[in-house]
Amino acid sequence: MKLAIKLTLLLLLPVALYAQDTTAVKKQANIVAAALIAGNYSTVINYMHPKVLKMVGGKDKLLQLMTNGMKQMKAQGITFQSATIGSPGKFYKAGTEIHCLVPENVTMKVGANTLHSQSNLLAVSSDKGKNWTFIDLNKNTIAQIPKMFPNFNKDLKIPEPKQMGM
């Protein structure tokens, strides 16, 4: 009997390890979305994956780029109105990390028009789902994912972002 219990645990443990609660990832993604709308770019950057930060030259450089970019957008009449986070998708093992997609809907005002976009954040955890970092999956970053994550699980399919309205 004890052998049967041990075998069952051995078979189910890998499933339990990655069938995690999505509460933490959604909560942290909502923090990022709220910070973006509030213009709190330091918080947004604190939740970005370290590989993204390295690609752009670090936190200070990215903060400067984001601040200047948002000022330019505002001067052109483009403002973020809302960002909502959907339910995280399936969790995938990728080397020592866990990856999942988190749907994101962003509404922007472009002059008198409204633009809606649907995309995903790639959520990455290296501590079994306790803490998450994010990568905004736009057309440029989607192409970089295999280079950034050599252990990326190819079963995780990333859909193209969509824009509507205007």
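The shown structure was predicted, so the numbers you read here are calculated from the model rather than taken from an experiment.

S.K.: Looking at this model, I keep getting lost on unusual backbone geometry. Mind explaining?
M.R.: Backbone phi values are negative for most residues with the exception of glycine, while trans is the configuration of most peptide bonds. Positive phi, close to 60°, is recorded for Lys-128, a residue that is not glycine. Inspection of the secondary structure assignment puts Lys-128 in the loop between β4 (113–125) and β5 (133–137). Overall, the relative accessible area of 62% leaves Lys-128 in the exposed class.

S.K.: It is not clear to me how the nonpolar core should be interpreted in this structure. Could you clarify?
M.R.: Among the nonpolar cores identified, the biggest contains 42 residues, and Val-25, Val-102, Leu-122, Trp-132, Phe-134, Ile-135 and Phe-149 are the most heavily contacted of them. Looking at this core element by element, the count peaks at 7 residues for strand β3 (residues 97–110). Those residues within four positions of Phe-134 in sequence are excluded, and the remaining contacts are Val-25, Gln-28, Ala-29, Val-32, Tyr-47, Met-48, His-49, Leu-121, Leu-122 and Ala-123.

S.K.: What is the right way to look at the layout of surface pockets in this model?
M.R.: Taking a probe equal in size to a water molecule and rolling it over the atoms shows the remaining empty space. The volume enclosed by the largest pocket comes to roughly 1000 Å³. If you trace the largest pocket, you find 36 residues lining it, with Met-48, Glu-104, Asp-136, Leu-137 and Asn-138 closest to the centre. Those elements that place two or more of their residues in the lining of the largest pocket are α2 (23–38), α4 (50–56), α5 (59–75), β3, β4, β5, α6 (139–148) and β6 (162–165). Of all the elements, α5 adds the most residues to the lining of the largest pocket, at 6 residues. Partitioning the lining of the largest pocket into residue classes produces 24 nonpolar, 8 polar and 4 charged. If you go around the second largest pocket, the residues you meet are Leu-36, Ile-37, Ala-38, Gly-39, Tyr-41, Met-70, Lys-71, Met-73, Lys-74, Ile-78, Thr-79 and Phe-80. Looking at which element gives the most residues to the lining of the second largest pocket, the answer is α5, with 4 residues.

S.K.: Got a minute to help me understand the side chain of Ser-125 in this structure?
M.R.: Summarising the element assignment, Ser-125 is placed in strand β4. Within the structure, the side chain of Ser-125 is placed 2.9 Å from the side chain of Asp-127, a separation counted as a polar contact. If near-sequence neighbours (up to four positions away) are discounted, Ser-125 is found in contact with Thr-96, Glu-97, Ile-98, Lys-130, Asn-131 and Trp-132.

What counts, and where the lines are drawn
- Residues numbered from 1 in each chain as written.
- Predicted model: local features only at pLDDT ≥ 70, side-chain atom pairs only at ≥ 80, totals over all residues.
- Heavy atoms only, no water.
- Helix = DSSP H or I, 4+ residues; strand = E, 2+ residues; numbered from the N terminus.
- Buried < 20%, exposed > 50% of the residue type's maximum accessible area, 1.4 Å probe, protein only.
- Core = buried A, V, L, I, M, F, W, Y, C linked by side-chain atoms within 4.5 Å.
- Contact = heavy atoms within 4.5 Å.
- 1 Å grid on protein atoms, 1.4 Å probe; cavity = no way out; pocket = protein on both sides within 12 Å on 5 of 7 lines; lining within 4 Å.
- Points joined across faces, edges and corners; volume = space filled by probe spheres on them.
- Nonpolar A, V, L, I, M, F, W, Y, C, P; charged D, E, K, R; others polar.
- Polar contact = N/O pair within 3.5 Å; in protein donor to acceptor, adjacent residues only side chain to side chain.

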